[in-house]
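Structural overview for review
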Amino acid sequence: MTTTERRVALDVEPAVNSTVVMMTVLAVAIDRGLTDFGDVLELTLGPLLATFAAHLFATTLKAVHAEHALPSGRRLLALTGHAAQYLLPAVAPLVVVAVVAATGFMGPLGPEESAHITIDLSWIALIVLGAVGGWRALRRWWGAVLGAVGAFAVGLVVVLLRIVLEGGFT
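A brief look at the structure comes next. (Residues numbered from 1 in each chain as written. Predicted model: local features only at pLDDT ≥ 70, side-chain atom pairs only at ≥ 80, totals over all residues. Heavy atoms only, no water.)

If you look at the biggest cluster of nonpolar residues, it comprises 18 residues, and the most contacted ones within it are Met 23, Leu 26, Leu 34 and Ile 119. Sorting the residues of this core by element identifies helix 1 (12–32), helix 2 (37–67), helix 5 (110–138) and helix 6 (141–165) as the ones contributing at least two each. In terms of residue count, the dominant contributor to this core is helix 1 (six residues). In contact with Leu 34, not counting residues within four places along its chain, are Ala 29, Asp 39, Val 40, Leu 43, Pro 111, Glu 112 and Ala 115. (Core = buried A, V, L, I, M, F, W, Y, C linked by side-chain atoms within 4.5 Å. Buried < 20%, exposed > 50% of the residue type's maximum accessible area, 1.4 Å probe, protein only. Helix = DSSP H or I, 4+ residues; strand = E, 2+ residues; numbered from the N terminus. Contact = heavy atoms within 4.5 Å.)

Before going further, it helps to spend a moment on the packing of aromatic side chains. Enumeration according to the criterion identifies one aromatic pair in this entry. Aromatic pair Trp 123 and Phe 152: ring centres 5.1 Å apart, planes at 20 degrees, arrangement stacked. Separated by 29 residues along the polypeptide, Trp 123 in helix 5 and Phe 152 in helix 6 bring together distant segments of the chain. The partly exposed category is assigned to Phe 152, whose relative accessible area is 39%. (Phe/Tyr/Trp six-rings, centres within 6.5 Å; stacked < 30°, edge-to-face > 60°.)

For Glu 113, the position within the fold is in helix 5. For the pair Glu 113 and Thr 51, spaced 62 residues apart in sequence, the C-alpha to C-alpha distance is 25 Å. In this structure Glu 113 touches Phe 105 and Met 106, once residues within four positions along its chain are discounted.

Once that is clear, we can look at unusual backbone geometry. In this structure, His 68 takes a positive phi of about 55 degrees despite not being glycine. For His 68, the position within the fold is in the loop between helix 2 and helix 3 (73–83). Positioned with a positive phi, Met 106 is a non-glycine residue whose angle comes to about 70 degrees. Summarising the element assignment, Met 106 is placed in the loop between helix 4 (91–103) and helix 5. Judged by its relative accessible area of 38%, Met 106 is partly exposed.

Here we take up the pattern of salt bridges. Enumeration according to the criterion identifies one salt bridge in this entry. One salt bridge in this structure joins Arg 75 and Glu 67, with 3.3 Å as the shortest N-O distance. Given the relative accessible area of 40%, Glu 67 is considered partly exposed. (Salt bridge = Lys/Arg side-chain N within 4 Å of Asp/Glu carboxyl O.)

A cluster of nonpolar side chains, Trp 135, Leu 138, Trp 141, Trp 142, Val 145, Leu 146 and Val 149, forms an exposed patch at the surface whose accessible area comes to about 750 Å². Elements represented by at least two residues in the nonpolar patch include exactly helix 5 and helix 6. Position of Trp 142 relative to the elements: it lies in helix 6. Residue classification places Trp 142 among the partly exposed residues on the basis of a relative accessible area of 40%. (Patch = residues over 30% accessible without salt bridge, like charges linked within 9 Å, V, L, I, M, F, W, Y side chains within 5 Å. Areas by Shrake-Rupley, 256 points an atom, 1.4 Å probe, with all protein chains shown as cover.)

Here's what the structure looks like:
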């Protein structure tokens, strides 16, 4: 199999990047107030779609520069498949919003609570992604621990942002 025929391998970097973007946007949105589930979905999907499009554009430009020609259809499909990984973190928030909306959990505070749940689940996912990335990088148990600790630290920054936006530590 050639490079362009190879299946798209899941990378940790796009998932971590998109998860942090989504967590940050939702943390700021919670501070500003969320009135309905449409807001949560827009704030979840919008940044991820923009990240997908930006990554696809940048990698296509990089391919054109490297090959001094427009990418073939197969190469463009491979680039699109890789960029689509930036959309994967949107799956969990869609499920959370659907469950919270369908059950009426927290009543009128449901949209805000779905954003809180999404951030909490995203932090857990971030730690798991960090552990997987550390394992892939070093193939040692301590690599997984280092990756998980690093991802925990990145998630902590977002949580601290959320605390500061919600009124500080007092």
